[in-house]
Amino acid sequence: MLGLATALIAAYLIGAIPTGVLLTRLAGVGDVRQSGSGNIGATNVYRVAGRRLGILTLVGDALKGVIPVLYAAAVLRYPDLQLGLVALAAFLGHCYPVYLGFKGGKGVATALGIYLVLSPLAVLGAFALFAAILWQWRYVSLASICAAGAIPFLVLAVNRSLPLFLATMAISALVIFRHRANIERLKNGTESRFKA
Ligand code: NKO
């Protein structure tokens, strides 16, 4: 029991590391929370600080999902219920980081990292959907929302695990909830399109 509690706290603290804020500050381009959408995620870092830092933020935020879940799966050999809880803890760390007064990101890249470990095949499907929507409409937010909506069912089909399905549902519900300002902008036609 103590083992699981420690793993959850460690996963949360890793998930909470604010990659986008650290990278933009280190690069001397100010704080990403002050420009663009104000989000700390890869899309906004790309928007305000360019491709290189955007990609680094995507990789860093994804690793915050990969590392705790891979450790829990491969080293601790946790079953699906505990794995789902570790995934949720890392994800909550990104969305509600103690280091940023609990004001964090939308969770897309960290969820991507989590699912790369839990269900790479489901990621393949979600990525195809993400890419198709981004290609067609050029909104990262819309692509993220749709991928989040699809992934629980892809995970269920691939992994056939109720605990992982439930953890995935919780993560997706929160990803979509965290995009509520984007949803308003999509409705108003004021959402900014992705520029390559
Ligand atoms: O600044 O509000 P903004 O326009 O930045 O940002 C909206 C955006 C926030 O998310 C991010 C992270 C972008 C990551 C792109 C990942 C590309 C690959 C996704 C594959 C799908 C994997 C499943 C994820 C389920 C949630 O949305």
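As recorded by an unreviewed UniProt entry, the protein chain carries the name Glycerol-3-phosphate acyltransferase and is attributed to Desulfuromonas versatilis. Quoted verbatim from the Subcellular location (unreviewed entry) field of the UniProt record, the comment on the protein chain reads "Cell membrane". Recorded in UniProt for the protein chain, the comment headed Sequence similarities (unreviewed entry) runs: "Belongs to the PlsY family."

Undergrad: Sorry, what's going on with a nonpolar patch on the surface here?
TA: Among the surface-exposed residues, Ile9, Leu13, Ile17, Leu22, Val98, Tyr99 and Phe102 lie close enough to one another that they form a single nonpolar patch of about 630 Å² accessible area. Tracing the backbone through its elements, the reader meets Leu13 in helix α1 (residues 2-15). The exposure class assigned to Leu13 is partly exposed, which follows from its relative accessible area of 35%.

Undergrad: What is the right way to look at the UniProt feature "transmembrane region" (unreviewed entry) in the protein chain in this model?
TA: Those places that UniProt annotates as "transmembrane region" (unreviewed entry) correspond, in this numbering, to residues 53-76, 83-102, 108-130, 137-155 and 161-177. Taken end to end, residues 53-76 comprises 96% helix and 0% strand; its first and last C-alpha atoms sit 33 Å apart.

Undergrad: Please explain the nonpolar core as it appears in this structure.
TA: A general tendency of soluble globular proteins is for nonpolar side chains to be buried together. Among the nonpolar cores identified, the biggest contains 33 residues, and Phe91, Ile114, Tyr115 and Ile171 are the most heavily contacted of them. Elements represented by at least two residues in this core include exactly α1, α4 (51-75), α5 (80-95), α6 (108-118), α7 (120-137), α8 (140-159) and α9 (162-178). Ranked by the residues each element gives to this core, the list is headed by α5, at 7 residues. Residues Leu23, Ile40, Val45 and Leu53 belong to the second largest nonpolar core, which totals 7 residues.

Undergrad: I keep staring at the site of the ligand and nothing clicks. Help me out?
TA: Around the ligand, the structure places 23 residues, and the nearest of them are Ser37, Thr43, Arg47, Lys106 and His179. Taking Ala42, its main chain carries an N or O atom lying 3.4 Å from an oxygen atom of the ligand. Here an oxygen atom of the ligand and a side-chain polar atom of Asn182 are 2.9 Å apart. Bound to the protein, the ligand loses 96% of the 740 Å² it would expose on its own. Those elements giving two or more residues to the shell around the ligand turn out to be α3 (42-49), α6, α7 and α8. Among the elements that take part in the shell around the ligand, α8 stands out by supplying 6 residues, more than any other.

Undergrad: Any chance you could explain the packing of α9 against helix α10 (residues 180-188) here in plain terms?
TA: Geometrically, a packed helix pair is captured by the angle between its two axes and the distance between the axes. Close contact between α9 and α10 brings their axes to 5 Å; oriented N to C, the two are set at 55°. Viewed along their axes, α9 and α10 adopt a mutual orientation that is oblique. Contact residues: α9 offers Ile176, Phe177 and Arg178, while α10 offers Arg180, Asn182 and Ile183. Its residues assigned to classes, the contact of α9 with α10 comprises 3 nonpolar, 1 polar and 2 charged.

Undergrad: Is there a simple way to think about unusual backbone geometry in this case?
TA: The phi torsion of most residues other than glycine is negative, and most of the peptide bonds are trans. We note that Phe102 has phi near 65°; this positive angle belongs to a residue other than glycine. Along the chain, Phe102 falls in the loop between α5 and α6. On the basis of relative accessibility, which here comes to 47%, the residue Phe102 falls in the partly exposed class. Despite not being glycine, Arg138 shows a phi value in the positive range, around 65°. Judged by its relative accessible area of 33%, Arg138 is partly exposed.

Undergrad: Looking at this model, I keep getting lost on the packing of aromatic side chains. Mind explaining?
TA: How two aromatic rings sit relative to each other is set out by the distance from centre to centre and by the angle between their planes. This structure, assessed with the given rule, holds 2 aromatic pairs. It is Arg138 that lies over the ring of Trp135; its NZ or CZ is 5.3 Å from the centre. Note that Arg180 overlies the ring of Phe177, its terminal NZ or CZ placed 3.9 Å from the centroid.

What counts as what
Residues numbered from 1 in each chain as written. Predicted model: local features only at pLDDT ≥ 70, side-chain atom pairs only at ≥ 80, totals over all residues. Heavy atoms only, no water. UniProt positions renumbered as here; feature names shortened; annotations may be inferred. Patch = residues over 30% accessible without salt bridge, like charges linked within 9 Å, V, L, I, M, F, W, Y side chains within 5 Å. Areas by Shrake-Rupley, 256 points an atom, 1.4 Å probe, with all protein chains shown as cover. Salt bridge = Lys/Arg side-chain N within 4 Å of Asp/Glu carboxyl O. Helix = DSSP H or I, 4+ residues; strand = E, 2+ residues; numbered from the N terminus. Buried < 20%, exposed > 50% of the residue type's maximum accessible area, 1.4 Å probe, protein only. Core = buried A, V, L, I, M, F, W, Y, C linked by side-chain atoms within 4.5 Å. Near = heavy atom within 4 Å. Polar contact = N/O pair within 3.5 Å; in protein donor to acceptor, adjacent residues only side chain to side chain. Axes fitted to C-alpha atoms, helices over the stretch in contact; angles between N-to-C directions. Parallel < 35°, antiparallel > 145°, perpendicular 65-115°, else oblique. Contact = heavy atoms within 4.5 Å. Nonpolar A, V, L, I, M, F, W, Y, C, P; charged D, E, K, R; others polar. Phe/Tyr/Trp six-rings, centres within 6.5 Å; stacked < 30°, edge-to-face > 60°. Lys NZ or Arg CZ within 6 Å of the ring centre and 35° of its normal.

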